[in-house]
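Spelled out from the first residue to the last, the chains are:
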Amino acid sequence: MKRILAVATSVAIAASFQASTAGPALAGGCVSSKEFSKVKTGMSVKTVAKIFGTNGSVMSKTEGFGSVVVIRQYKACTTFGVVTILFTDNKLDTKSAVF
């Protein structure tokens, strides 16, 4: 499980860099730093979407070893900002942002 998490985290970082250089191709609105601070480990995808006001975009989905890991990306409310959330089994596991 640690290996899956390490790989997924690396993918999240790479996806954050790619999106920040590729421009605004994400669905929906943007995420503020205040909204970002409200989301906590263990929250569901649905709860995070409600707080953010957007579903974001699925950047990666991996299934294996009895778990599903999904990386979702959201536009931050800044010119080049991006928010990346890693969900394991539909629960927030890791979050990162560049504002």
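All residue numbers here refer to positions counted from 1 along the written sequence of the relevant chain. The predicted nature of this model means local features are confined to residues of pLDDT at least 70 and side-chain atom pairs, given and counted, to a pLDDT of 80 or more, with totals for whole chains, interfaces and linings taken over all residues. As a rule here, side-chain values come from all non-hydrogen atoms in the structure, and water together with hydrogens is ignored.

**Here's the deal with the environment of Ser-37**
- Within the secondary structure, Ser-37 is located in helix H2 (residues 33–38).
- Using a relative accessible area of 40% as the deciding quantity, one classes Ser-37 as partly exposed. Helix and strand assignments follow DSSP, with helices taken as H or I runs no shorter than four residues and strands as E runs no shorter than two, numbered in order from the N terminus. Here the term buried applies to any residue with accessible area under 20% of the maximum for its type, exposed to any over 50%, and partly exposed to those in between, with areas from a 1.4 Å probe on protein chains only.

**Looking at the confidence of the model for the protein chain**
- As a per-residue quantity, pLDDT reports the predictor's confidence and falls between 0 and 100. Per-chain confidence: the protein chain averages 84 in pLDDT, with 72% of residues scoring 70 or above.
- The criterion used for residue contact is that any of the two residues' heavy atoms lie within 4.5 Å. Counting interchain partners and residues more than four positions distant, the pLDDT-below-50 stretch residues 16–26 has 13 contacts.

**Notes on the packing of aromatic side chains**
- Aromatic rings from Phe, Tyr and Trp, taking only the six-membered ring of Trp, are treated as a pair when their centres fall within 6.5 Å; an angle between ring planes under 30 degrees marks them as stacked, one over 60 as edge-to-face, and anything in between as tilted. In the structure shown here, the tally under the stated rule is two aromatic pairs.
- Here, a charge over a ring means that NZ of Lys or CZ of Arg falls within 6 Å of the ring centre while also lying within 35 degrees of the ring normal. Just above the ring of Phe-36 sits the side chain of Lys-95; from NZ or CZ to the centre is 4.4 Å.

**As for the pairing of strand E3 (residues 67–76)**
- Among the 10 residues in E3, eight count as buried, and that is most of the element.
- In textbook terms, the turn of a hairpin is the stretch between consecutive antiparallel strands, and for strand E2 (residues 57–64) and E3 this stretch comprises two residues, one of which, Phe-65, has a positive phi near 55°.
- Strands were regarded as paired on the criterion that DSSP finds at least two bridges between them. Note that E3 and strand E4 (residues 82–88) share seven bridges and pair antiparallel. In the strand pairing of E4, Val-69 is matched with Thr-88.
- Hairpin remark: E3 followed by E4, antiparallel, with five residues in the connecting loop.

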